Amino acid sequence: MLVAAMLAIAITAVFQMGIMWRNADQISSTWLPKSVSVNKMSSQLASYRMSELQYVMSTVDSESADLEKKMAKVMSAFQADSKAFGEHISSDSERKLFDSFTADWKAYLLIHEQVISLTKQFQADQGKRLLNTTAEKLFVKATATLDQLVDISQKGAADEGADNAGRGEHPGHEAGPLAALGRREDVTDNGKGDAHDHP
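Residues numbered from 1 in each chain as written. Predicted model: local features only at pLDDT ≥ 70, side-chain atom pairs only at ≥ 80, totals over all residues. Heavy atoms only, no water.

## Quick look at the overall build of the protein
Part 1 of the reasoning: Across its full length, the protein carries seven helices and zero strands.
Part 2 of the reasoning: Looking at the protein as a whole, 44% of its 199 residues qualify as buried.
Part 3 of the reasoning: Surface accessibility of the protein: about 10,600 Å² in total, with carbon and sulfur atoms responsible for 55%. (Helix = DSSP H or I, 4+ residues; strand = E, 2+ residues; numbered from the N terminus. Buried < 20%, exposed > 50% of the residue type's maximum accessible area, 1.4 Å probe, protein only. Areas by Shrake-Rupley, 256 points an atom, 1.4 Å probe, with all protein chains shown as cover.)

## Remarks on the packing of helix 2 (residues 32-57) against helix 3 (residues 61-87)
The relative placement of two packed helices is expressed as an angle between their axes plus a distance between the axes.
Part 1 of the reasoning: Across the interface, helix 2 lies against helix 3 with an axial gap of 9 Å and an inter-helix angle of 160°. Viewed along their axes, helix 2 and helix 3 adopt a mutual orientation that is roughly antiparallel. Our pair here, helix 2 against helix 3, has a crossing hand that is left-handed.
Part 2 of the reasoning: Residue composition of the contact of helix 2 with helix 3, by class: 13 nonpolar, seven polar and six charged. (Axes fitted to C-alpha atoms, helices over the stretch in contact; angles between N-to-C directions. Parallel < 35°, antiparallel > 145°, perpendicular 65-115°, else oblique. Left-handed = near helix turned anticlockwise from the far one by under 90°. Nonpolar A, V, L, I, M, F, W, Y, C, P; charged D, E, K, R; others polar.)

## Some points on the packing of aromatic side chains
Part 1 of the reasoning: With the rule as written, the count across this model stands at seven aromatic pairs.
Part 2 of the reasoning: Summarising the aromatic geometry, the rings of Phe85 and Phe98 are spaced 5.4 Å apart at their centres and angled 45° between planes, so their arrangement reads as tilted. Of this pair, Phe85 sits in helix 3 while Phe98 sits in helix 4 (residues 92-120), and the two are 13 residues apart along the sequence. Take Phe85 and Phe98: they sit in the same class, and that class is buried.
Part 3 of the reasoning: When the centroid spacing of 5.7 Å and the interplanar angle of 50° are considered together, the rings of Tyr108 and Phe139 count as tilted. (Phe/Tyr/Trp six-rings, centres within 6.5 Å; stacked < 30°, edge-to-face > 60°.)

## Topic: the side chain of Glu52
Part 1 of the reasoning: Within the secondary structure, Glu52 sits in helix 2.
Part 2 of the reasoning: For Glu52, which is buried and forms no salt bridge, the nearest opposite charge comes from Arg49, at a distance of 4.2 Å.
Part 3 of the reasoning: Of the polar contacts made by the side chain of Glu52, one reaches the side chain of His112; its length is 2.5 Å.
Part 4 of the reasoning: Not counting chain neighbours up to four residues away, the residues in contact with Glu52 comprise Met71, Tyr108, His112 and Leu131. (Lys, Arg positive; Asp, Glu negative; His and termini not counted. Salt bridge = Lys/Arg side-chain N within 4 Å of Asp/Glu carboxyl O. Polar contact = N/O pair within 3.5 Å; in protein donor to acceptor, adjacent residues only side chain to side chain. Contact = heavy atoms within 4.5 Å.)

## So, the pattern of salt bridges
Part 1 of the reasoning: Evaluated as defined, the whole model comprises four salt bridges.
Part 2 of the reasoning: Here Lys34 makes a salt bridge to Glu94, at a shortest N to O gap of 3.1 Å. Remark: Glu94 occurs in helix 4 and Lys34 occurs in helix 2; sequence separation between them is 60 residues.
Part 3 of the reasoning: The exposure class of Glu94 is buried, given its relative accessible area of 1%.
Part 4 of the reasoning: Here Glu68 ties to Lys120 by a salt bridge, and the two come within 3.3 Å at their closest N and O atoms.

Given below as structure tokens:
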């Protein structure tokens, strides 16, 4: 059920990004980077959590090593997008939510390190319990806050797009947002793998 929930989060994030891309030509450079960054962050966290769940279930050393590399890659991209989002925060309410999210995510990552350590010490069952209890509560709390930031960014982008459309402005018709979107690359690898019990 938890895996299904993670897939639902990933699908929702992709759907939200699709809406944003379709309306990008009416969004100025003020809102576009923020919307792009926070939607990527949402997708990246879903991918990260999925890889963790696969990691504690894996019994194959090579698969575990690949999952560690994948998590490191996703986290690197997440940190870059988190920094970019932080640089475009435009209100005290956004800052408060972002600080709350950041604090919960840092606490989550501390537990993540414990889970990885326990799994490497052949104590995968303890790692699973930790991942599915304390870590899950933090993950749910952090992603709920991130969802609020996604909503704020999307509403701001939509409102600004509507204002621009009303004035007949289309900033993306030149070498602006749409040109950049056409060259974008996905930063997460959502490959699927079979999960196995860890000894």
